[in-house]
Amino acid sequence: MQDFSNAFGLAASLIFSADADLIEIIALSLRVSVSAVVLAALIGFPLGALTAVAHFPGRQTLTVTLNALMGLPPVVVGLLVYMALSRAGPLGWMGLLYSPTAMIIAQTILVAPIIAALSRQVIEDIHKEYDEQFRSLCIPAHRVMTALIWDSRYSLLTVMLAGFGRAIAEVGAVIIVGGNIDHLTRVMTTAIALETSKGDLALALALGFVLLILALSVNAAVYSLRASARRLSYA
Amino acid sequence: MPDASRPMPGAASLLPLEISSLRYDVGEDRLIDNISLTIDSSGISVIMGANGAGKSLLLRLIHGLLRPSGGDVRWNGSALNLATRQRQALVFQKPVLMRRSVAANIDFVLKSRDGQDRQRRDQLLQEAGLYRQRQQPARLLSGGEQQKLALARALATEPEVLLLDEPCASIDSASTLQIENLLRQTRERGVKIILVTHDIGQARRLADDVVFIHAGRLREYQPAATFFDSPKSDEAGAYLQGRIVI
């Protein structure tokens, strides 16, 4: 209990004093996770729309694969990205290992299947509603896909939120490809892991609270956006 | 840029509509049974019949939304294909509006065809009496307004043939009157209209000719005056008298 009360106090003092190290860690965490989620959305939304709308050989297989990849173990992804980006790997020449970019790549790989699989369901539902009307209007396939993505944008925000939750809370992949280097690749989760291993549980818990507040804030923002969209019948 | 006030293209190039031995089965049930029909007239053809007669199914088969189990639909000799379907528009009984503003619903269709044309969009909304609501979310409109928007969106495609499936089935009288006026204006522009309805009053007000179907079968196809004055089939006679037709 002592640790908990210390952690609350420490978390509050770190936040209200705008601790430079904490700000740096939060900023990097957000930069890495938000970038990964945006990239994953750019991959996942069209992929989700394609599997929801188009009929092509292997569609079922692709759907099952995407669903299965939702449970990708982060450490496995981290290891694969590590092998690809390491000096001896096929992308070693890019010199990206132990950089925020490597962390973004790893998180994108983790999050893209989640966004693709969840957006497929969202887009499939709206497609059922629009399908006959679109076929009647002879709307070309590419316009159908973009219209479905646009019209389900508020539901897709929730999908992105699920991806963000996975990315911001993930530690296994970013610690392997980022290396948890102070002032370079240290993010919230890796910092928590480090402080825990050092025995500084109060600081680790404080960082944990900050992470929770961050996740709650993003969720609340998306929830209120969806609520106002629902009031306007846009969601 | 299309001129919003110009008459729409005539239907001459898509007509006649030739339906031959058309069938539509679901499992063991034959819902459309060997219908053969040629519609060559301009104006408004009304498809009538009791609930469950197969009116909406026939409309979907004519438009190519459903694949027939047998038989053929030809527009001016051409089989149903993208080119013939692009020259038609269908308004559904329950309008499917996009989760966008009123104006954006029209813009979407205009962009899909000739590119966005604000003047044309505003003209269509004014004709439908929806200009003031153009920035409102489409799904917050009343039922009648939603149906008028669906009609305006269909007209945005500049169809040569306009198909309507019970467009006034569940809307208020004022909206029904506006929609009927819009249909008359559209007919005057040379657009062929095929309207499904089970509202005898509406059919009397609008029809130039009537297709009457019963239990998936064509019972008669007559000029409207002839049909309403002296229907040939017992089913049509009973239907017009307001008796339940089984």
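For the structure, check the block above.
Note that the structure is a prediction, hence the values are computed from the model and not measured. (Residues numbered from 1 in each chain as written. Chains lettered and ligands numbered in written order. Predicted model: local features only at pLDDT ≥ 70, side-chain atom pairs only at ≥ 80, totals over all residues.)

A. Quick peek at the overall build of chain A. Tallying secondary structure elements over chain A gives 10 helices and zero strands in all. Ordered by position from the N terminus, the helices and strands of chain A form the series α-α-α-α-α-α-α-α-α-α. Taken along the three principal axes of its C-alpha coordinates, chain A extends 65 × 50 × 25 Å. Each of the 235 residues in chain A was classed as buried or not, and the buried ones make up 39%. For chain A, long-range pairs separated by at least 24 residues make up 78% of all intrachain contacts whose partners lie at least 6 apart in sequence. (Helix = DSSP H or I, 4+ residues; strand = E, 2+ residues; numbered from the N terminus. Buried ≥ 20, exposed ≤ 12 C-beta atoms within 10 Å, placed from the backbone. Contact = placed C-beta atoms within 7 Å.)

B. Layout of unusual backbone geometry. Looking along the chain, the bond that leaves Leu-15 of chain B and enters Pro-16 of chain B is cis, with omega of 5°. Despite not being glycine, Asn-180 of chain A shows a phi value in the positive range, around 55°. The phi dihedral of Ser-21 of chain B is positive, around 50°, even though this residue is not glycine. Residue classification places Ser-21 of chain B among the exposed residues on the basis of 12 C-beta atoms within 10 Å.

C. Main features of the sheet that holds strand β3 (residues 44–48) of chain B. Residues and elements named next belong to chain B. The mixed open sheet is built from six strands, whose spatial order is β6-β7-β8-β3-β9-β10. The sheet is open, and its two borders are formed by β6 (88–91) and β10 (217–223), each paired with just one other strand. Strand-to-strand, the axes of this sheet are offset by a mean angle of 15°, without reference to chain direction. Sheet analysis places β3 next to strand β8 (residues 192–196), joined by four bridges and oriented parallel. The partner of Val-46 across the bridge, within β8, is Leu-195. Packed on one face of the sheet, helix α6 (residues 173–188) meets β3, β7 (161–165) and β8 and runs near 150° to β8. (Pairing = 2+ DSSP bridges. Axes fitted to C-alpha atoms, helices over the stretch in contact; angles between N-to-C directions.)

D. Expanded view of the sheet that holds strand β5 (residues 78–79) of chain B. Residues and elements named next belong to chain B. The four strands are arranged β2-β1-β4-β5 in an open sheet whose pairing can be described as antiparallel. In the strand order of this sheet, the two ends are held by β2 (29–39) and β5, each with one partner. By the bridge criterion, seven bridges tie strand β1 (residues 17–26) to β2 in an arrangement that is antiparallel. Following the sheet pairing, Glu-18 is matched in β2 by Thr-38. Together, β1, β2 and β4 (70–75) form the strand contacts of helix α1 (residues 55–63), whose direction differs from that of β2 by roughly 60°.

E. Structural context of the interface of chain A and chain B. With 15 residues of chain A at the contact, the number on the chain B side is 18 residues. Looking at the side of chain A that touches chain B, the element that brings in the most residues is helix α5 (residues 100–137) of chain A, giving seven residues.

F. Seen up close, the nonpolar core. Within the largest apolar cluster, 132 residues are counted, with the highest numbers of intra-cluster contacts made by Val-81, Ala-106, Ile-115 and Val-177 of chain A together with Ala-152 of chain B. For this core, the element with the most residues is α5 of chain A, which contributes 19 residues. Ignoring any residue separated from it by four or fewer positions in sequence, one finds Ile-115 of chain A in contact with Ala-40, Ala-41, Gly-44, Phe-45, Gly-48, Val-159, Met-160 and Gly-163 of chain A. (Core = buried A, V, L, I, M, F, W, Y, C linked by C-beta atoms within 7 Å.)

G. Examining helix α2 (residues 20–53) of chain A more closely. For α2 of chain A, built from 34 residues, the straight-helix expectation of 50 Å at 1.5 Å per residue is met to within 8% by its first-to-last C-alpha distance of 48 Å. Its axis deflected by about 30° at Ala-41 of chain A, α2 of chain A carries its strongest bend there. (Expected span 1.5 Å × (residues − 1). Bend = angle between axes of the 7 residues up to and from the residue.)

Don't take any of this as a statement about function, it's just geometry.
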